[in-house]
Protein chains: 2
Amino acid sequence: MKDAPARRTLAEIRASGMTIEDCPIRDVIAGLSGKWSVLILLALEEAPHRFGALRRAVPDVSQRMLTITLRDLQRDGLLTRTVHPTVPPSVEYALTELGQSLVQAVLPLIGWADRHHGAIRGARRSFDAAGL
Amino acid sequence: MKDAPARRTLAEIRASGMTIEDCPIRDVIAGLSGKWSVLILLALEEAPHRFGALRRAVPDVSQRMLTITLRDLQRDGLLTRTVHPTVPPSVEYALTELGQSLVQAVLPLIGWADRHHGAIRGARRSFDAAGL
DNA sequence: CAGTATCCTGCTTGATACTG
DNA sequence: CAGTATCAAGCAGGATACTG
């Protein structure tokens, strides 16, 4: 059911007088362009996670970048942040419905990445070997 | 002992020879994270374009960034670059099969962006209005 | 545990000028 | 037409230390 759209991009966007900053495509891509956003969303799609659990689930993310990225995703309405008033505190992050629908939309790309990553690496080697 | 590797620092990762290229998801996302890659791929999915036509099709892209982005996409095997030995020269860019399959994998995300961009903007306004 | 605060580096991008 | 070359600015991101 998510199949019909598509051709909406260039002609229509320019015809409607949108600037590049108002372009939904660029805005969403920019949101996912961070180094960690997609990995965090994928981790949360499996189950809600606490802060520390997310750190372990997303290897190599720094505390600082995890905090910042989570706040951006929360701001965009993609996940909820729930503070449990325990001692020590625990904070649980979970996808909203909007976030879940985004993950579904990203999944085809993830699958593509897995299937074709080898081809990309091969293309890079050929390109570089050609000495350009 | 099985969870030891979770806390590697970036320095240690580099020292061990690992790069971002070793994670397919991050590598592909990084490739699309440029400010222009997706828009260029979408333009080329409509039809092959010459350099100047691409500049017009992707508003606000600078000559420099278009050159660089096209080169990266070519290097990854996503598009072909064909020089026609005319005077003045003309260069045509077209998607490879790999590039076409990537566009198909990105299309659901494009559709999602169109449908939910308003919700994201609304969430941002609420979040900012809450004074955080 | 779940963050802040601070400092610092390098990459990405833009502007501008030049070329085959 | 389709690029290259060079310079400069801004921001993303990392390391480290501190806190309620």
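Note: the structure precedes this text.
Residues numbered from 1 in each chain as written. Chains lettered and ligands numbered in written order. Predicted model: local features only at pLDDT ≥ 70, side-chain atom pairs only at ≥ 80, totals over all residues. Heavy atoms only, no water.

Examining the overall build of chain A
Which entries qualify depends on this criterion: Labels follow the DSSP assignment, with helices taken as runs of H or I lasting at least four residues and strands as runs of E lasting at least two, numbered in each case from the N terminus. Each residue is assigned to one of three classes by its accessible area relative to the maximum for its type, calculated with a 1.4 Å probe on protein chains only: buried under 20%, partly exposed between the two thresholds, exposed over 50%. Two residues qualify as a contact provided that any one of their heavy atoms is within 4.5 Å of a heavy atom in the partner residue. The accessible surface values rely on the Shrake-Rupley method and a 1.4 Å probe; as for residues, cover is taken only from the protein chains in view.
The helix and strand inventory of chain A stands at six helices and three strands. Its helices and strands in sequence order give chain A the pattern α-α-α-β-α-α-β-β-α, from N to C terminus. Buried residues in chain A amount to 42% of all 132 residues. Restricting to contacts in chain A with at least 6 residues of sequence separation, those with at least 24 account for 42%. Accessible surface computed for chain A: about 7100 Å², of which carbon and sulfur atoms make up 53%.

Details of the layout of surface pockets
To keep it simple, the criterion reads: Each cavity reported here is a set of points on a 1 Å grid over the protein atoms alone in which a 1.4 Å probe fits but cannot get out, each pocket an open set with protein on both sides within 12 Å along at least five of seven lines, and each lining residue one with an atom within 4 Å of a point. Grid points are joined across faces, edges and corners, and a volume is the space filled by probe spheres set on the points.
Reported here for the second largest pocket is a volume of approximately 320 Å³. Those elements that provide at least two residues to the lining of the second largest pocket are α6 (97–129) of chain A together with α2 (24–32) and α5 (63–75) of chain B.

Focus on the relation of the copies chain B and chain A
Here is the rule we go by: Superposing copies: least-squares fit, C-alpha atoms only, residues required to have pLDDT of at least 70 in both.
At an RMSD of 0.1 Å, chain B and chain A line up after a rotation of 180° and a shift of 0.0 Å along the axis. Taken together, the turn and the small shift mark the pair as related by a two-fold rotation axis. Distance from the rotation axis, computed per C-alpha, reaches its smallest value in chain B at S33(B): 2.3 Å. Both copies contact each other with a shared surface, as 79% of the interface residues of chain B are interface residues in chain A too.

What about the packing of aromatic side chains?
Let me state the cut-off plainly: The aromatic pairing rule takes the rings of Phe, Tyr and Trp, using the six-membered ring of Trp, and pairs them if the centres are within 6.5 Å, calling planes under 30 degrees apart stacked, those over 60 edge-to-face and the rest tilted. Working rule: Lys NZ or Arg CZ, within 6 Å of ring centre, within 35 degrees of ring normal, means a charge sits over the ring.
Using the criterion set out here, one finds zero aromatic pairs over all chains in the structure. One residue, R26(A), lies across the ring of W36(B), its end atom 5.9 Å from the ring centre.

Things to note about the protein's contact with DNA strand C
This is how the line gets drawn: Near is defined per residue: the residue qualifies when any heavy atom it owns lies within 4 Å of the molecule or strand. Polar contact criterion, stated in full: a pair of N or O atoms within 3.5 Å, where within protein one must be able to donate a hydrogen and the other to accept it, and residues adjacent in sequence count only if both atoms are side-chain atoms.
Near DNA strand C there are 17 residues, and of these G52(A), Q63(A), R81(A), Y93(A) and R64(B) occur at the shortest range. Backbone atoms, meaning sugar and phosphate, form 54% of the atoms of DNA strand C found within 4 Å of the protein. Here a base nitrogen of DNA strand C sits 3.1 Å away from a polar atom, N or O, in the side chain of R64(B). Secondary structure elements with two or more residues in the surface near DNA strand C: α4 (51–57), α5 (63–75) and β3 (90–95) of chain A together with α5 of chain B.

Regarding the pairing of strand β3 (residues 90–95) of chain B
All names here are of chain B. Threshold: Pairing between strands is defined by DSSP: at least two bridges between the two strands are required.
Of all the six residues making up β3, five are buried; the element is thus mostly covered by neighbouring parts of the structure. Looking at chain direction, strand β1 (residues 49–50) and β3 are connected through two bridges and run antiparallel. Its bridge partner being in β3, R50 is matched across the sheet by E92. As paired elements, strand β2 (residues 79–84) and β3 share six bridges and run antiparallel to each other. Its bridge partner lying in β3, V83 is registered against V91. Here β2 folds back onto β3, and the loop between the two strands holds five residues.

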